[in-house]
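Letter by letter, the chains look like this.
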Amino acid sequence: MTHTRETELLDSVPDGLYIGGQWRDSADGATLDVRDPATGEVIKTIASATPADGISALDAACDAFPVWAATPARERGEILRRAFDLLMERADQFALLMTLEMGKPLDQSLGEVTYGGEFLRWFAEEAPRIAGRYGASPEGTGRVIVTQHPVGPCFLITPWNFPLAMATRKIAPALAAGCTVVVKPASLTPLTTMALAALLEEAGVPAGVVNVVTTSSSGAVSEPIIRDPRLRKLSFTGSTSVGVALLEQAAGGVLRTSMELGGNAPFVVFEDADMDAAVEGAMAAKFRNIGQACTAANRFIVHASVAEEFAVRVTERVAAMRMGRGTDDGVAIGPLIDATAVDKADALVTDAVGHGATVLAGGSRVDGPGTFYLPTVVSGVVPAADIWREEIFGPVLAIATFSTEEEAVAMANDTEYGLVSYVYTQSLARGQRMIEQLATGMMGLNVGVVSNAAAPFGGWKMSGLGREGGAEGIHEYLQSKYTMTPA
């Protein structure tokens, strides 16, 4: 992997806004710089949309909607399948692009290409399965017909941490359902989405069906789109605070909304856990994507009788992790996305220590270039510490202990979030009790990674609304119509 290859790849990515099937500059010529977080260097300068550009993108989506909605479901599915095939052929290029703009190790970027591609394949198969129902009314006086219809033009806001998968997870079901979209990727990692838009065009997606606006003025561009009465659906992945603000804007138009928001995932290790499996699961649940995932385990709640063994074993693994640029061989921990993320991780660890926690590995930032924070283990965390309440979004594994099952459940549920939980136990009965008692929309029982395109991804409480993936995912972009006919 050479610098020349990186340069050629970056040069191949469009640098404009993608509106109505055309790549173009922003209305005022404004641009934004995309940086490699491992070096701090600018790797590409792209167009930065104005509010007027955002409305132009919505115009294009609205113009394309009637024809796309009427396109046979099989044809829509075949286009998505072609996109999947193209993505798999170019897996190495997309993986490298993600590593350059986001920083994750290259093997993890390849894993994201596989995961993100599955949404294209899954919803290619779901498109022709959209179905209604028909039957007699209970009184026998008529016939009930229920049909499904695309909700209309959609606005999709994606985050920086999974630049490909978060785009395909939203775009694929929308297109499968017959909707058109305006996509606004995060300004920190827009290049993967831009490359995906070019790939979708090559796969046969008609002009105006997918539009991409990149901008450094997210709120200014997003609000007019959300408040436009032609928009019928908003999907957002990001922080809970931003999600709440977007929901307030969406309320005016009574928009359909999907919100995948923050998390504070508990990882519960019972005394009867298979410790080998628990350690492996912990490493995957915590350090995948450098800890920058809403599904990342945030609070490791470990039975007091096995807490020391667990801490020793994960500390040994963490201390051996190689940190560096994600393109380098053997790197397990890349840079955090920016300096703010480093500051947050450092502040959370410092506060935890101030509340009596002990640093077993790492625990400090790394001098630049790049925005690196050492993979870290802290034990003796207490609920008064900020790290117990706040989503870490970094490579910090924080351990607390418990004595009884009831205490473990109370500790796990002690958060306003409810995205995912992880439980390690060899007791089938206890596992079933955890399924019933833990207040999360997803759960990993003796597994450390739960994401799957065929499963409904989403949370409870302040972690969001709606589901992405699975049979449920396409219904977020459909609306039902009931018709009564005579008997």
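Residues numbered from 1 in each chain as written. Predicted model: local features only at pLDDT ≥ 70, side-chain atom pairs only at ≥ 80, totals over all residues. Heavy atoms only, no water.

## Digging into the overall build of the protein
Across its full length, the protein holds 16 helices and 24 strands. On the principal axes, the C-alpha backbone points of the protein span a range of 65 × 65 × 40 Å. Sorting the 487 residues of the protein into buried and exposed places 57% on the buried side. Residue pairs at least 24 apart in sequence account for 73% of intrachain contacts in the protein once pairs closer than 6 positions are excluded. If you sum the accessible surface of the protein, you get close to 18400 Å²; carbon and sulfur atoms cover 53% of it. Of the side chains in the protein, 37 bear a positive and 57 a negative charge, and the two mean positions are spaced by 7 Å. (Helix = DSSP H or I, 4+ residues; strand = E, 2+ residues; numbered from the N terminus. Buried < 20%, exposed > 50% of the residue type's maximum accessible area, 1.4 Å probe, protein only. Contact = heavy atoms within 4.5 Å. Areas by Shrake-Rupley, 256 points an atom, 1.4 Å probe, with all protein chains shown as cover. Lys, Arg positive; Asp, Glu negative; His and termini not counted. Charge placed at Lys NZ, Arg CZ, Asp CG, Glu CD.)

## Comments concerning the sheet that holds strand S5 (residues 133-136)
Overall, antiparallel pairing links the three strands, which are arranged S5-S6-S24 in an open sheet. Strand pairing shows two members of the sheet lacking a second neighbour, S5 and strand S24 (478-486), which therefore form its edges. Adjacent strand axes in the sheet meet at a mean angle of 20 degrees, parallel and antiparallel pairs treated alike. As judged from the four bridges shared by S5 and strand S6 (residues 142-150), these two strands associate in the antiparallel manner. Of the residues in S6, the one forming a bridge with Gly135 is Val144. (Pairing = 2+ DSSP bridges. Axes fitted to C-alpha atoms, helices over the stretch in contact; angles between N-to-C directions.)

## Structural notes on helix H11 (residues 307-319)
Compared with an ideal rise of 1.5 Å per residue, which puts 13 residues at 18 Å, H11 spans 18 Å between its outermost C-alpha atoms and is within 8% of the ideal. Of all the positions in H11, only Ala307, Phe310, Ala311, Val314, Thr315 and Val318 are classed as buried. Relative to the axis of H11, the buried residues are bounded by an arc of 125 degrees and lie together on one face. In H11, the exposed positions that point more than 90 degrees away from the buried face belong to Glu308 and Glu316. (Expected span 1.5 Å × (residues − 1). Arc of directions from axis to C-beta.)

## Observations concerning the sheet that holds strand S12 (residues 265-269)
The mixed open sheet is built from seven strands, whose spatial order is S14-S17-S18-S13-S12-S20-S21. Whereas interior strands pair on both sides, the edge strands pair on one side only; in this sheet they are strand S14 (358-361) and strand S21 (442-445). Between one strand axis and the next, the sheet turns by 25 degrees as a mean value, whatever way the strands run. Bridge analysis of strand S20 (residues 420-424) against S21 gives four bridges, and the strand direction is parallel. Looking at the pairing, Ser421 lines up with Met443 of S21. Across the sheet, H11 lies against S12, strand S13 (297-303), S14, strand S17 (376-379) and strand S18 (396-402), angled at about 175 degrees from S18, the strand it touches most. Of the strands in this sheet, S20 and S21 touch helix H15 (residues 428-437), which is tilted by about 165 degrees from S21.

## A look at unusual backbone geometry
Put simply, Gly368 and Pro369 share a cis peptide bond, and its omega is 10 degrees. One non-glycine residue, Val254, adopts positive backbone phi at about 50 degrees. The topology assignment puts Val254 in the loop between helix H9 (240-251) and strand S11 (256-260).

## Brief notes about helix H14 (residues 405-412)
Given 3.6 residues per turn, any residue in an α-helix points the same way as the ones three and four places further on. The complete set of buried residues in H14 reads Glu405, Ala408, Val409, Met411 and Ala412. Each buried residue of H14 lies within a common arc of 165 degrees when the element is viewed along its axis, so the set occupies one face. Residues of H14 that are buried in the fold lie against S12, S13, helix H13 (386-389), S18 and H15.

## Some words on the pairing of S17
Taken residue by residue, a regular strand's side chains alternate between the two faces of the sheet. Alternating positions in S17 separate into two faces, Thr376 and Val378 on one and Val377 and Ser379 on the other, with burial throughout. Sheet analysis places S14 next to S17, joined by three bridges and oriented antiparallel. Counted as the bridge partner of Thr358 is Ser379 from S17. Pairing of S17 with S18 involves three bridges; the strand directions are parallel. Bridge assignment links Val377 to a residue of S18, and that residue is Leu397.

## Some details on the packing of helix H3 (residues 73-89) against helix H7 (residues 191-203)
Where H3 meets H7, the closest approach of the two axes is 8 Å, and the angle between their N-to-C directions is 125 degrees. Relative to H7, H3 is oriented oblique. In this structure, the crossing between H3 and H7 has a hand that is right-handed. Note on element contacts: H7 touches H3 through Leu199, Leu200, Glu202 and Ala203, opposite Ile79, Arg82, Ala83, Leu86 and Leu87. Here the residues of the contact of H3 with H7 are counted per class, giving seven nonpolar, no polar and two charged. (Parallel < 35°, antiparallel > 145°, perpendicular 65-115°, else oblique. Left-handed = near helix turned anticlockwise from the far one by under 90°. Nonpolar A, V, L, I, M, F, W, Y, C, P; charged D, E, K, R; others polar.)

## With respect to the environment of Cys179
Relative to the helices and strands, Cys179 is located in the loop between helix H6 (165-177) and strand S8 (181-184). With 113 residues separating them along the chain, Cys179 and Pro66 place their C-alpha atoms 9.0 Å apart. Ignoring sequence-local partners within four residues, the contact set of Cys179 consists of Phe65, Trp68, Pro150, Val151, Gly152, Cys154, Ala174, Val209 and Tyr477.

## A closer look at the pattern of salt bridges
Counted according to the given criterion, the structure contains 25 salt bridges. For the salt bridge of Arg430 with Glu271, the shortest nitrogen-to-oxygen distance reads 3.5 Å. You can see Arg430 sitting in helix H15 and its partner Glu271 sitting in the loop between S12 and helix H10 (275-287), a full 159 residues away along the chain. A salt bridge links Arg430 to Asp272; its shortest N-O distance comes to 3.2 Å. Of the two residues, Arg430 sits in helix H15 while Asp272 sits in the loop between S12 and H10, which places them 158 residues apart along the sequence. (Salt bridge = Lys/Arg side-chain N within 4 Å of Asp/Glu carboxyl O.)

It is worth stressing that arrangement in space is one thing and function is another; only the former is reported here.
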